[in-house]
Amino acid sequence: MTKMYLPIDQWSPRFDSTFFSIKIESAQRFENAFVVKEGIGGKTHFPAVYFDVVVFCEHQRKVLHRRYSNFYWLYEQVKNFHPPPVEGDTTIYEPLSMPPGTCFMRPQDDEFIKNRKLQLMEFVDDLLSRPGYSEHPAVRLFLELDDFPEMSSS
């Protein structure tokens, strides 16, 4: 079954399990590791800023902790992905872009983290708004979509 992403401002719990949405709600600096699902790449040294990525499906809500390097791993997995065209869709998509990494000398103050959170949300929204991308195995793994019983692939 195809999973359809809806931007958070269009999503409602009234939609069935075919639909999902995400939102990056907050970010926090942590000294200790969060366990990230096996198979998701990214750095593991600390301290690090983790973003709370909330996945919504029907009345379910799951909070995932992801750091920038996990988002970058996702980008690397999908940047050359070209799903089959949707009949009648003549949209020309620009290449996906990822917010730049940080220099170890750059302070990650509250303003930086706030901007990074917005940039990562724009990246994920752009990615998931493209036809076929929500079915990519790396996207399903990153968002743990198969952990929602109704959303498992058929």
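Residues numbered from 1 in each chain as written. Predicted model: local features only at pLDDT ≥ 70, side-chain atom pairs only at ≥ 80, totals over all residues. Heavy atoms only, no water.

Asker: Quick rundown of the packing of aromatic side chains? Include the residues and the values.
Answerer: Within this structure, the stated rule accounts for 9 aromatic pairs. Relative to Phe 20, the ring of Tyr 5 lies with its centre 5.8 Å away and its plane at 55 degrees, an arrangement referred to as tilted. With a gap of 15 residues between them, Tyr 5 in strand E1 (residues 4–5) and Phe 20 in strand E2 (residues 19–30) connect regions that are remote in the sequence. Under the relative-accessibility criterion, Tyr 5 is labelled buried at 10%. Taken together, a centroid distance of 5.2 Å and an interplanar angle of 40 degrees make the contact between Trp 11 and Phe 56 tilted. Highlighted residues: Trp 11 in the loop between E1 and E2 and Phe 56 in strand E3 (residues 48–57), separated in sequence by 45 residues. Judged on exposure class, the residue Trp 11 and its partner Phe 56 are both buried. (Phe/Tyr/Trp six-rings, centres within 6.5 Å; stacked < 30°, edge-to-face > 60°. Helix = DSSP H or I, 4+ residues; strand = E, 2+ residues; numbered from the N terminus. Buried < 20%, exposed > 50% of the residue type's maximum accessible area, 1.4 Å probe, protein only.)

Asker: How would you summarise the nonpolar core if you had to cite specific residues and measurements?
Answerer: Counting residues in hydrophobic clusters, the biggest one holds 34 residues, and the most contacted among them are Ile 22, Phe 71, Leu 74, Phe 123, Leu 127, Leu 128 and Leu 143. Taken together, the elements giving at least two residues each to this core come down to E2, E3, helix H1 (68–78), helix H2 (110–129) and helix H3 (137–142). The element contributing the most residues to this core is H2, with 8 residues. Leu 6, Trp 11, Val 54 and Phe 56 belong to the second-largest nonpolar core, a separate cluster that totals 5 residues. (Core = buried A, V, L, I, M, F, W, Y, C linked by side-chain atoms within 4.5 Å.)

Asker: If you had to explain unusual backbone geometry to someone new, which residues and values would you point to?
Answerer: One non-glycine residue, Glu 58, lies in positive phi territory at about 50 degrees. With a phi angle near 50 degrees, Glu 144 is a residue other than glycine that sits in the positive phi range. Here Glu 144 lies in the segment after H3.

Asker: Help me get a handle on the layout of surface pockets, residues and values and all.
Answerer: When its volume is computed, the second largest pocket comes out at roughly 320 Å³. Along the wall of the second largest pocket there are 17 residues; nearest its centre are His 82, Pro 83, Tyr 93, Arg 130 and Tyr 133. Per-class residue counts for the lining of the second largest pocket are 11 nonpolar, 2 polar and 4 charged. (1 Å grid on protein atoms, 1.4 Å probe; cavity = no way out; pocket = protein on both sides within 12 Å on 5 of 7 lines; lining within 4 Å. Points joined across faces, edges and corners; volume = space filled by probe spheres on them. Nonpolar A, V, L, I, M, F, W, Y, C, P; charged D, E, K, R; others polar.)

By themselves these figures say nothing about function.
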